[in-house]
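# Observations on the model geometry
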Amino acid sequence: MAVNRIEVWVKHLFVDVRRTLQIANVEQSIMIDDNKEVAMRRRGARTSHYYEMAFDYRPSRPRLKLENIAALNPGRTILAPPPERRGFPEYSERPRFLFEKKRVRRPLDIREFHYFWLVSDRAKTVFQTVDHAGFEFTACDVRVSRGIYDGPRYWLCDVTRVLDALDEKQSRLEIGIREDPKYNDFGKKYYNLVGDAKLVFNEDAVGSAHIFRMAFCPMKVICDQALKDACKAADLIGIKFNNALKI
């Protein structure tokens, strides 16, 4: 038992060292991107590229189960943010996930879980380094059905920033008024990305944000080149980036 604990401690020490190096790489990548943006602005060029953040399900991943969902949301079957705001309510206890396989080649860093994301420590570090104000996190407990869990720590993550930044005249998508009273946005404008949708964003409205949800299509999460490059530099798996001009 003592040997197992030492092995787990050594693995976590290695993870901490690797995380420190990844933060340095991410920060350097952001600095390079910022310098490029300044140079392009001086030349009067278009500076920003935007991407839809989506999920890459190709890598192998363990199935997971939220064991204490009844305690977190009494009388409900899924986790969901309050309709009037993003982020997390005050849970009575930490979300507790069971990974049904003891080991996988490498766990995903980002995966979808109902209305939220489940992200590793590595992904949380990247997100907070690039855009601390754009996210909210709540710590999770993780266990495996047999043995000792020695993988990364995990967090439920929500992208909390919502911007009305779409240039509707330059974009190509369906814009309508919600007529179904079952939706929270009943009677309000909504966006529907159908076919070969094209999304163009107003850079003045985006400002310094690196990530945001679309005001009239809040399930779509948009990021800029800096966050995409930071995720690639950290070698995060489980996520992909779709060019907003070619959704």
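Residues numbered from 1 in each chain as written. Predicted model: local features only at pLDDT ≥ 70, side-chain atom pairs only at ≥ 80, totals over all residues. Heavy atoms only, no water.

How two aromatic rings sit relative to each other is given by the distance of their centres and the angle of their planes. Evaluation of the coordinates by the stated rule reveals 13 aromatic pairs. Pairing Y50 with F212 gives two aromatic rings, centres 6.5 Å apart and planes at 70°, and the pair type is edge-to-face. Separated by 162 residues along the polypeptide, Y50 in strand β1 (residues 50–55) and F212 in strand β12 (residues 211–214) bring together distant segments of the chain. Of the two residues, Y50 and F212, both sit in the buried class. Arranged with centres 5.1 Å apart and planes meeting at 85°, the rings of F97 and F113 form a pair that is edge-to-face. Linking F97 in strand β3 (residues 96–99) with F113 in strand β4 (residues 110–113), this pair joins segments that are 16 residues apart in sequence. Take F97: its relative accessible area is 0%, and that puts it in the buried class. An aromatic cluster is built from F55, W117, F127, F135 and F137, whose rings are joined through pairwise contacts. Here the basic side chain of R178 rests over the ring of Y183, its NZ or CZ set 4.2 Å away from the ring centre. (Phe/Tyr/Trp six-rings, centres within 6.5 Å; stacked < 30°, edge-to-face > 60°. Helix = DSSP H or I, 4+ residues; strand = E, 2+ residues; numbered from the N terminus. Buried < 20%, exposed > 50% of the residue type's maximum accessible area, 1.4 Å probe, protein only. Lys NZ or Arg CZ within 6 Å of the ring centre and 35° of its normal.)

Moving on: helix α3 (residues 121–131). In an α-helix, one turn spans 3.6 residues, which is why side chains three or four residues apart end up on the same side. Burial analysis of α3 places 9 of its 11 residues in the buried class, which makes it a mostly covered element. Looking at α3, one finds that the buried residues are D121, R122, A123, K124, T125, V126, F127, V130 and D131.

Glancing now at the pattern of salt bridges. Two side chains of opposite charge can pair, provided their charged atoms sit close to one another. Under the defined criterion, the tally for this structure stands at 13 salt bridges. Across the pair R86 and D158 runs a salt bridge whose closest N-O atoms are separated by 2.8 Å. One end of the pair, R86, is in the loop between α2 (69–72) and β3; the other, D158, is in strand β8 (residues 154–159), and 72 residues separate them in sequence. The partner of K189 in a salt bridge is E168, with the nearest N and O atoms 2.9 Å apart. Of this pair, K189 sits in strand β11 (residues 189–192) while E168 is found in the loop between β9 (162–163) and β10 (174–177), placing the two residues 21 residues apart along the sequence. The class for K189 is partly exposed, based on a relative accessible area of 28%. Among the ionic contacts, a cluster of salt bridges with common partners joins E67, E93, R96 and R143. (Salt bridge = Lys/Arg side-chain N within 4 Å of Asp/Glu carboxyl O.)

Pairing between the strands of a sheet comes from backbone hydrogen bonds, and it takes one of two forms, parallel or antiparallel. Read across the open sheet, the 4 strands follow the order β4-β5-β8-β6; overall the sheet is antiparallel. The open sheet has two edge strands with one neighbour each: β4 and β6 (135–139). Across the sheet, the mean angle from the axis of one strand to that of its neighbour is 35°, orientation sign disregarded. When β4 meets strand β5 (residues 116–120), the two strands line up antiparallel, connected through 4 bridges. Bridge pairing in β5 places F113 opposite F116. (Pairing = 2+ DSSP bridges. Axes fitted to C-alpha atoms, helices over the stretch in contact; angles between N-to-C directions.)

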